[in-house]
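Notes for the structure review
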Amino acid sequence: MSQMNRQPIAIISDRADPAAEVVNQDVGGQNVYVRNVGETLAKLGWQVDMFTRKVHPDDAKIVQHSPHCRTIRLSAGPEEFIPKNDLFAYMPQFLEAFLKFQSKEGTNYPLVHTNYWLSGWVGLQLQELRNIQLVHTYHSLGIVKYQAAGYQPPIGETRLAIEKQILEQANCVVATSPQEQEALRKLVSETGEIRVISGGTDISNFRLLSKTEARLKLGFNPTERIVLYVGRFDPSKGLETLLQAGANCQARSQGNFRLVIAGGEDPDLEGDREEERIRILAQELELTENILFTGRLAHDILPFYYAAADVCVVPSYYEPFGLVAIEAMACGTPVVASNVGGLKFTVIPEETGLLVPPHDIAGFAAAIDRVLTDDVWARKMRKQASLRVRQNFSWAWVAGQLSDLYRCLLAKSIMNEQLWHLHLPKSTNASHVEVSATES
Ligand code: UDP
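The rules behind these values
- Residue positions are counted from 1 within each chain, in the order its sequence is given.
- Predicted model: local features are reported for residues with pLDDT of at least 70 only, side-chain atom pairs are reported and counted for 80 or more only, and whole-chain, interface and lining totals are derived from all residues.
- No hydrogens and no water enter the side-chain calculation; it runs on all heavy atoms of the structure.
- Near, as used in this document, describes a residue that has one of its heavy atoms within 4 Å of the molecule or strand being considered.
- Here a polar contact is recorded for every N or O atom pair within 3.5 Å, except that within protein the pair must consist of a potential hydrogen donor and a potential acceptor, and residues adjacent in sequence are included only if both atoms are side-chain atoms.
- Surface accessibility in these figures is a Shrake-Rupley result with a 1.4 Å probe; residues are shielded only by whichever protein chains are displayed.
- Numbering of helices and strands starts at the N terminus; helices are DSSP runs of H or I of at least 4 residues and strands are runs of E of at least 2.
- Residues are sorted three ways: Asp, Glu, Lys and Arg are charged, Ala, Val, Leu, Ile, Met, Phe, Trp, Tyr, Cys and Pro are nonpolar, and all the rest, Gly among them, are polar.
- To sort residues, take the accessible area from a 1.4 Å probe on protein chains only and compare it with the maximum for the residue type: under 20% means buried, over 50% means exposed, and anything in between is partly exposed.
- Pairing between strands requires that DSSP locate at least two bridges from one strand to the other.
- For crossovers, right-handed means that the path from the first strand over the helix to the second runs clockwise, given strands pointing away from the viewer.
- Between two residues, a contact is recorded if the distance between any of their heavy atoms is within 4.5 Å.

**Regarding the site of the ligand**
By nearness alone, 19 residues border the ligand, and Arg232, Lys237, Leu297, His299 and Glu327 come closest of all. Here an oxygen atom of the ligand and a side-chain polar atom of Lys237 are 2.7 Å apart. At 2.7 Å from a nitrogen atom of the ligand is found a main-chain nitrogen or oxygen belonging to Leu297. Contact with the protein chains removes 92% of the 540 Å² of surface that the ligand exposes when unbound. Here the shell around the ligand takes three residues from helix α11 (residues 323–330), the largest share from any one element. Of the residues belonging to the shell around the ligand, the class tally is eight nonpolar, six polar and five charged.

Right under this line is the structure:
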């Protein structure tokens, strides 16, 4: 694609601002994914506009990340944080603001990639109004999340219905792991196009670093056994399993043990003070002396935390992909993770870490101990883990796959247009197009 005639595409991520700093409380994997995918797609030649909801009056309306990639913050409802379970009511306003922006700029986006079900709803409306190719990434699947949590919020019914409609009507759904693809097929709908394209990580930032130097930089004890958690404080992340397992490991390690918890409160948990609950649990388990709460960390310092740790633990009850696991592995840190969702895809047991059933406290304690006490194996895993990420999970690879998908969909759409002008049946699927053309 030449500089002059770049193809514009819209990436919509209403509830996760790609321009937000990762140290912000409400930032998680979706923000990181959208930002990196958008920026890398621009490097590959696309003109990328990423749309999100404006959550603060002082935030810039437009953030230019690079010459061909920007975030556009649209006003939809009050310019303040709104918990995701209350956001659906503002989506018609978001759609209106999007259409207004598009006509003001005179840009037509022939392809729209939506993220999370709320944006997916916007995409479905756009599909009704215009000839667009709709691509969707779920980031979280209601049906799996509610099953894991054993609770469905009042918005749940609406979400499940829209998630089904998205799978059946989008031109392609992107599953970030084969496990997500399977869940979509089994639990959401038997129809609809799915393509597996994983999440990724910035392999120039998350890289092999010396453990000794990382500990020196962070002021950590050079000989202590360090177990790291990175992520939002959300009950589905399984922090209490880690604390209970950590208490077992600590008892066996004669004090030579530290649990480092990086992350912070998730503002979506209205009133549910998860951080407070975790701190109280740490006191009850007599872990206070051996635990360090760092607060949220930025991506420039995080690689040093991963490198300083002997093991990174991802004890989630539900994890569609799990960027933290690949960030840790990229830095050469073995991962002990729950045997759920995308973690079953990214972590290779015995080679890059270990998988344990979620909630299994004794299982986590044993797995953590194994990694902490077998230095030779841990060193081998260090190399294998970083190689696995460099080979399979760079943003360049991810965006390359998405780029191929977009090209293919746009080419099909042009073919459909041409067939339409010839008064042939219109199709959303290339194989149907071929049949229609031959039949005529
Ligand atoms: N993260 C961060 N600082 C923190 C905690 C988390 O930058 O203190 C980032 C982490 O590096 C990762 C993202 O937040 O890129 C979490 O993504 P993941 O897919 O693991 O979980 P999600 O938030 O999507 O549930």
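So that's the structure; there's more coming.
**With respect to the pairing of strand β1 (residues 8–12)**
When you tally the buried positions in β1, you get five out of five residues, the bulk of the element. In the sheet, β1 pairs with strand β2 (residues 47–53) via five bridges, with the strands oriented parallel. Pairing of Ile9 across the sheet is with Val48, part of β2. After leaving β1, the chain enters helix α1 (residues 29–43) and then returns to the sheet as β2, a path that is right-handed. Looking at chain direction, β1 and strand β5 (residues 111–115) are connected through three bridges and run parallel. Note on β5: the bridge partner recorded for Ile12 is Thr114.

**Here's the deal with the side chain of Ser189**
Within the element layout of this structure, Ser189 appears in the loop between α6 (178–188) and β8 (194–196). Among the polar contacts made by the side chain of Ser189, one reaches the main-chain amide nitrogen of Thr191 at a distance of 3.2 Å. Residues within four places of Ser189 in sequence aside, it is in contact with Lys164, Leu167, Glu168 and Leu184.

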